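The lines below spell out each chain.
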Amino acid sequence: MEPKEYIAELVAKARKAQAQIADYSQEQIDALVRAVGKAGYDNVEELAKRAVEETKMGRVDSKIVKNRKSTMVAWYYLKDKKSVGVVEEDPIEQIVTIAKPIGVIGCVTPVTNPTATPLVNGMHVLKGRNAAIFAPHPTSKKSSTYTVNLMREAIKKLGAPEDLVQIIEEPSIELTQLLMSSVDVVVATGGPGMVKAAYSSGRPSYGVGQGNVQILVDKDYQDYAALAASTVFSRSYDNGLPCTCDQTMFVPASRFQEMVDLLVKNKAVYVDDAAVIEKLRHTAFTEDGAINRKFVGATMPQIAEMLGLTFPADATILVVPVHAPIGKEILCREIMSPVLRLFPYDTFEEAVQFAKTNYWEEGKGHSCSVYSANDAHIDYVANEIPVCRIMVNQTALNASGGAFNNGLAPTISIGCGFWGGNSIGENLTYKHLMNYTRVSRIIPGAPNPTPEEIWGE
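Nothing here was measured: the structure is a model prediction, and the numbers come from that model.

Conventions adopted
Residues numbered from 1 in each chain as written. Predicted model: local features only at pLDDT ≥ 70, side-chain atom pairs only at ≥ 80, totals over all residues. Heavy atoms only, no water. Pairing = 2+ DSSP bridges. Helix = DSSP H or I, 4+ residues; strand = E, 2+ residues; numbered from the N terminus. Axes fitted to C-alpha atoms, helices over the stretch in contact; angles between N-to-C directions. Contact = heavy atoms within 4.5 Å. Phe/Tyr/Trp six-rings, centres within 6.5 Å; stacked < 30°, edge-to-face > 60°. Lys NZ or Arg CZ within 6 Å of the ring centre and 35° of its normal. Buried < 20%, exposed > 50% of the residue type's maximum accessible area, 1.4 Å probe, protein only. Disulfide = S-S within 2.5 Å.

A. Seen up close, the sheet that holds strand 3 (residues 104–108). Ordered in space as 5-4-3-6-7, the five strands form an open sheet in which the pairing is parallel. Of all strands in the sheet, those bounded by a partner on one side alone are strand 5 (165–167) and strand 7 (205–207). Direction aside, neighbouring strands of the sheet carry axes that sit 20° apart on average. Here strand 3 pairs with strand 4 (residues 131–135) via five bridges, running parallel. Each bridged residue has a counterpart across the sheet, and for Cys 107 the counterpart in strand 4 is Phe 134. Here helix 1 (residues 3–21) sits on the sheet in contact with strand 3, strand 4 and strand 5, set at roughly 155° to strand 4.

Shown next, in the form of structure tokens:
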């Protein structure tokens, strides 16, 4: 079948399926959303194993945690939300808001997250009474297809049309581009090139921005032991693939060695040999400054082999010191592997400005963590750093809303605002995947001010 015919058939089936649920009640829709999430939850081990075996990226244990937690948190968030009929009433402004489906959503999924992305995006798409067609990365097509088939089986068991979720089983750039130009809305979770293609598709699109999380540790922060443990977990999680993983940590120079010792206590390997660091620069990045794909998601043994070193068998992450921001130090760019850069600073303001420089070069719009008990310093970070999320005294892994103890909406697709070249700066949810009709009535007793009253003349 020709590419255009193939995509046209997928879209036609999706439209037919979506029309069958357009009048579903909130209870029926929520049952579908729950079923899809539970299907993923019940198969987390198999999904994680298939993803790592196929892509050769990340860690099975991390992907188990990711699939389990993302589906749980997503359903916990979605189950009490209105997405059918009247979703909001404002008695003061006399506005009633009615939610309506969009139709067919095209979801481009990344090789770094081939199972959790379809699951969570699918839950949000269905919450809005839409159909989804997934375009996986070619390197992860089998694990993504397996995931989508689990979703289809769960939907079919409820008597709904399984074509509410479909996937391009043999993906290509041409097919993905055709899909993006054929659907009603595009959700692109992937690299900058794919996001740019989505915005160029001629369809309304939601893209995500690049991560490069900076961690600012204030001088008054005391719990270094907990921070070191959290940072090692974040940096080693799925071998550093998530965009929310900690990247560069700014630590007071007076406590630099203390942090090093605590990281090492958590099985990190600290290397400050200039020759090894220089080799790391040329190993992690190519001559033209692009990330070395062989380094993406690499394990600690693989990194040791690339650097000509020997790490302990239980090594968690590699830690190296840096003393300059991007422009002078390429290691301050995003590295999607378990490598943490430790940056000593003299004043907190200096650290913030160095972090700011890094963001403007790479990662602006995404997320930043600040560990501090000083509200003035937290406010300073919030006002200076060009990101959409400031995570206070918590790992930036929580920026995706994946924790029950913060108020960010749980998502798998993180908007980075206009800084990141995205159409939204929020965490993408079902709210972005619905049409809204606003019914406006006259406000009783509303004032009718004179020009003098308005302008104060």
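B. Geometry of the packing of aromatic side chains. Applying the stated rule across the entire model yields eight aromatic pairs. Judged by centre distance (5.5 Å) and plane angle (45°), the rings of Phe 233 and Tyr 237 are tilted. Members of the aromatic cluster, each reached through a chain of ring pairs, are Phe 250, Phe 343 and Phe 354. When the ring centre of Tyr 224 is taken as reference, the NZ or CZ atom of Arg 255 above it lies at 3.7 Å.

C. Spatial organisation of helix 7 (residues 173–180). The set of residues buried in helix 7 consists of Leu 175, Thr 176, Leu 178, Leu 179 and Met 180. Those residues of helix 7 that are buried lie in contact with helix 1, strand 3, strand 4, strand 6 (185–188) and helix 8 (192–199).

D. Layout of the state of the cysteines. Going through the model one piece at a time under the given rule, you end up with zero disulfides. Considering cysteine sulfurs only, Cys 416 is the nearest to Cys 243, which forms no disulfide, with 7.1 Å between them. Exposure remark for Cys 243: the relative accessible area of 29% places this residue in the partly exposed category.

That's the geometry; what it means functionally is another story.
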